[in-house]
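# Fold and contact review
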Amino acid sequence: MSNYLTEKLLSPHEKSNKIFLELPNNIDIQYHEFNRQVNRIANYLQQIGLKPDDRIAVQTGKSWQTIALYLATVKAGGAFLPLNTAYTPHEVSYFLDNARPRLFVCDEGHAEGLQVVAKNAGSDLVTLNNDGSGEIANAASAQSDTFEAIDRSADSLAAILYTSGTTGRSKGAMLTHENLWSNAQVLADVWQFTSKDTLLHALPIFHTHGLFVATNVCLVAGASMIFQSSFSVENVIRDIKKATTMMGVPTFYTRLLDSSDFDRDLVKHMRLFVSGSAPLLSETHIQFEERTGHKILERYGMTETNMNTSNPYNGDRRAGTVGHALPGTTIRVVSADNGEELNSDEVGSIEVKGANVFKGYWEMPEKTAEEFTEDGFFITGDLGLLSKDGYLTIVGRGKDLIISGGYNIYPKEIEMVLDELDGVKESAVIGVPHPDFGEGVVAILVGDQAPSENQVQQMISNRIARFKQPKKIFVVKELPRNTMGKVQKNLLREQFEHCFSPGRVQATSTIT
Ligand code: MLC
Ligand code: AMP
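Residues numbered from 1 in each chain as written. Chains lettered and ligands numbered in written order. Predicted model: local features only at pLDDT ≥ 70, side-chain atom pairs only at ≥ 80, totals over all residues. Heavy atoms only, no water.

So, on to the overall build of the chain. Within the chain, the secondary structure is distributed over 15 helices and 26 strands. Taken over C-alpha atoms, the radius of gyration comes to 23 Å for the chain, in line with the 24 Å a tight globule of 512 residues would show. For the chain, the C-alpha atoms occupy an extent of roughly 70 × 55 × 50 Å along the three principal directions. A burial count over the chain gives 58% of its 512 residues as buried. (Helix = DSSP H or I, 4+ residues; strand = E, 2+ residues; numbered from the N terminus. Rg over C-alpha atoms; globule rule 2.2 N^0.38 Å. Buried < 20%, exposed > 50% of the residue type's maximum accessible area, 1.4 Å probe, protein only.)

Given below as structure tokens:
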């Protein structure tokens, strides 16, 4: 046995290849230097008594040291548990209480407020700052730069990523060494990544897209990453000349298209643009091609499954579709009524099976069982159709989920918070078209004394992350319901469809 994932990701590369480029600071990190830092941190983790499957929860900014901590955790036998930096202490406390990590890592600026949260979960808090300094760096600097990796098999736990649910309660998706490696290898092959590539990396590194798809693919190929702390049009335009590839959520591409400096000449040297995490409008695909001559390659995935499908690298990248099942992954579309597989072009529920699919939800065996079919397919909750030649089109979601700028927001979680507010009898949260984020969160409240939009924002600001908070709030006399008493969100979505467009319905106005 060996340490399955890190052996595959870290060992094979030329020592002198650059792994991270931080262009404005002129910092280059080479693979051999990076590997040594991984080893130092792994030694530190071993010294503090990390045991196999122990979790290391991390809420830190984007730095190459966080990536080193991820691989050190895996190499030392643990499971990496990244958390969105926008989560409030209230949200973090749920994740820590649920996962009971051995360590909770955050930056110094947040340590004081989070100390009690970590303590309540029985975790030690240590710091890692955006510039790589902090207690982890200090402790690691005294350690050896070689480390004998802890044996972990293909099926061992490598990471836990929390994903919200329709019940409002987040579930930890357990990803194995094989899930992560197999997907990285397949994507690197399919997208033809090599050590000559440089990826413009502007995604956050606490979700599947930025952490596994972007980073692991580069590691597998021995490629370099221009590591930008967050997405900005200006910085992408500044650095893209040095890149060969870019990955992003649709908002990245619509924002880039809004800039006249983003033109054919700027990106003529680029090899590939990939989009995912949310639907890319056909319109954006077409506009991008007209402007740059490049066809964005759209792919489809989930936290639980890593990537499932991709449009072809060579071949027809079809706008509005997410392409074919990846090698080693089986996709089927079944009837939501009886689970029977449907013919091509019939819309049904998308199910997936393969080495990419996770091993279950952390300490939720019943929930895990519910989401798999008897023959081992994972029920994605997405609705779609397969064309005769195997292209998957996603047409909607069977789950009540909003995707805003690539972040998933579960209405139930927001409704539970709104329903507790004074003056709110009940609420419904919906997603409607938003020009920047794809979908924007809108809350519809019932209650004669319902609070105003400003009051709501204040009341919920320390409960839920800013990106999940409703961008508009309306008050109605009552919510539309069907004969079963279920709120008809489709009617609400129709009613408020244009509220982010010019000439929209005034927010917080009472609709009768
Ligand atoms: C930020 N804000 C958002 C938001 N991001 N609101 C709704 N949706 C979002 N996605 C809010 C902030 O709270 C703030 O509100 C304001 O917008 C500006 O914040 P900012 O920090 O300046 O953010 P901005 O640069 O605008 O960020 C937008 C973004 C970012 C699109 C660049 O959200 C992003 O990087 N998204 C990527 C998400 C991602 O990686 N998803 C992958 C999930 S994995 P205010 O009111 O205070 O101004 C997955 C599987 C798969 O889905 O298939 O990949
Ligand atoms: P997450 O749980 O954050 O991993 O989000 C996964 C969900 O994002 C999927 O179930 C889909 O609904 C959605 N998604 C990911 N990629 C795409 C895509 N290319 N097109 C449409 N939806 C997508």
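Here the narrative resumes.
With that out of the way, let us pick up the packing of helix 2 (residues 31–47) against helix 3 (residues 64–75). Packing of helix 2 against helix 3 brings their axes to within 8 Å, and their N-to-C directions diverge by 55°. Taken together, the axes of helix 2 and helix 3 are oblique relative to one another. The interaxial crossing formed by helix 2 with helix 3 has right-handed handedness. Side by side, helix 2 and helix 3 meet where Phe-34, Gln-37, Val-38, Asn-39, Ile-41, Ala-42 and Leu-45 of the first sit next to Trp-64, Gln-65, Ile-67, Ala-68, Leu-69, Leu-71, Ala-72, Thr-73 and Lys-75 of the second. Broken down by class, the residue content of the contact of helix 2 with helix 3 amounts to 11 nonpolar, 4 polar and 1 charged. (Axes fitted to C-alpha atoms, helices over the stretch in contact; angles between N-to-C directions. Parallel < 35°, antiparallel > 145°, perpendicular 65-115°, else oblique. Left-handed = near helix turned anticlockwise from the far one by under 90°. Contact = heavy atoms within 4.5 Å. Nonpolar A, V, L, I, M, F, W, Y, C, P; charged D, E, K, R; others polar.)

What follows deals with the site of ligand 1. Taken together, 23 residues are adjacent to ligand 1, and Ser-277, Arg-299, Ser-404, Gly-406 and Arg-466 come closest. Within the side chain of Arg-299, an N or O atom sits 2.7 Å from an oxygen atom of ligand 1. Residue Ser-404 places a side-chain N or O atom 2.6 Å away from a nitrogen atom belonging to ligand 1. For ligand 1, whose free accessible area comes to 1,000 Å², the fraction covered by protein is 73%. (Near = heavy atom within 4 Å. Polar contact = N/O pair within 3.5 Å; in protein donor to acceptor, adjacent residues only side chain to side chain. Areas by Shrake-Rupley, 256 points an atom, 1.4 Å probe, with all protein chains shown as cover.)

Let us look at the site of ligand 2. By nearness alone, 16 residues border ligand 2, and Arg-299, Thr-303, Asp-382, Lys-399 and Asn-408 come closest of all. Between ligand 2 and Glu-298, the relevant distance is 2.9 Å, taken from a nitrogen atom to a side-chain nitrogen or oxygen of the residue. Thr-303 has a polar backbone atom sitting 2.6 Å from an oxygen atom of ligand 2. Contact with the protein chains hides 91% of the accessible area of ligand 2, taken as 510 Å² for the molecule alone. Counting residues per element, the ones that place at least two in the shell around ligand 2 are strand 13 (297–302) and strand 20 (392–397). Its residues assigned to classes, the shell around ligand 2 comprises 7 nonpolar, 4 polar and 5 charged.

Enumeration according to the criterion identifies 27 salt bridges in this entry. Asp-28 serves as the salt-bridge partner of Lys-18, at 3.2 Å between the closest nitrogen and oxygen. Separated by 10 residues along the polypeptide, Lys-18 in strand 1 (residues 18–22) and Asp-28 in strand 2 (residues 27–30) bring together distant segments of the chain. Assessed through its relative accessible area of 36%, Asp-28 is described here as partly exposed. (Salt bridge = Lys/Arg side-chain N within 4 Å of Asp/Glu carboxyl O.)

Our focus in this paragraph is the sheet that holds strand 14 (residues 306–310). Read from one edge of the open sheet, 9 strands run 2-1-10-9-11-12-13-14-15, paired in mixed fashion. The strands lining the two open edges of the sheet, one partner per strand, are strand 2 and strand 15 (324–325). The sheet contact formed by strand 9 (residues 198–201) and strand 10 (residues 224–227) spans 4 bridges and is parallel. Across the sheet, the residue bridging to His-201 is Phe-227, located in strand 10. Of the strands in this sheet, strand 1 and strand 2 touch helix 2, which is tilted by about 75° from strand 2. Across the sheet, helix 10 (residues 250–257) is in contact with strand 11 (245–248) and strand 12 (272–275); its angle to strand 11 comes to roughly 115°. (Pairing = 2+ DSSP bridges.)

Applying the stated criterion across every chain, the model contains 23 aromatic pairs. In this arrangement the basic side chain of Lys-8 is found over the ring face of Tyr-4, its NZ or CZ atom lying 4.9 Å from the centre. Between the NZ or CZ atom of Arg-332 and the centre of the ring of Phe-377, over which it lies, the distance is 3.6 Å. (Phe/Tyr/Trp six-rings, centres within 6.5 Å; stacked < 30°, edge-to-face > 60°. Lys NZ or Arg CZ within 6 Å of the ring centre and 35° of its normal.)

Another aspect to go through is the packing of helix 4 (residues 89–99) against helix 5 (residues 108–120). Close contact between helix 4 and helix 5 brings their axes to 9 Å; oriented N to C, the two are set at 25°. Classified by the interaxial angle, the pair formed by helix 4 and helix 5 is roughly parallel. Where helix 4 crosses over helix 5, the two elements pack in a sense that is right-handed. Contacts between helix 4 and helix 5 involve Pro-89, Val-92, Ser-93, Leu-96 and Asp-97 on the former and, on the latter, Leu-114, Val-117, Ala-118 and Asn-120. Its residues assigned to classes, the contact of helix 4 with helix 5 shows 6 nonpolar, 2 polar and 1 charged.

The subject of this paragraph is the sheet that holds strand 20. In spatial order, the strands read 16-17-19-20; together these 4 strands make up an open sheet with antiparallel pairing. With partners counted over all chains shown, the strands left at the sheet margins are strand 16 (329–334) and strand 20, one partner each. Direction aside, the axes of adjacent strands within the sheet are offset by 45° on average. Judged from the 4 bridges that link them, strand 17 (residues 348–354) and strand 19 (residues 378–386) form a sheet pairing that is antiparallel.

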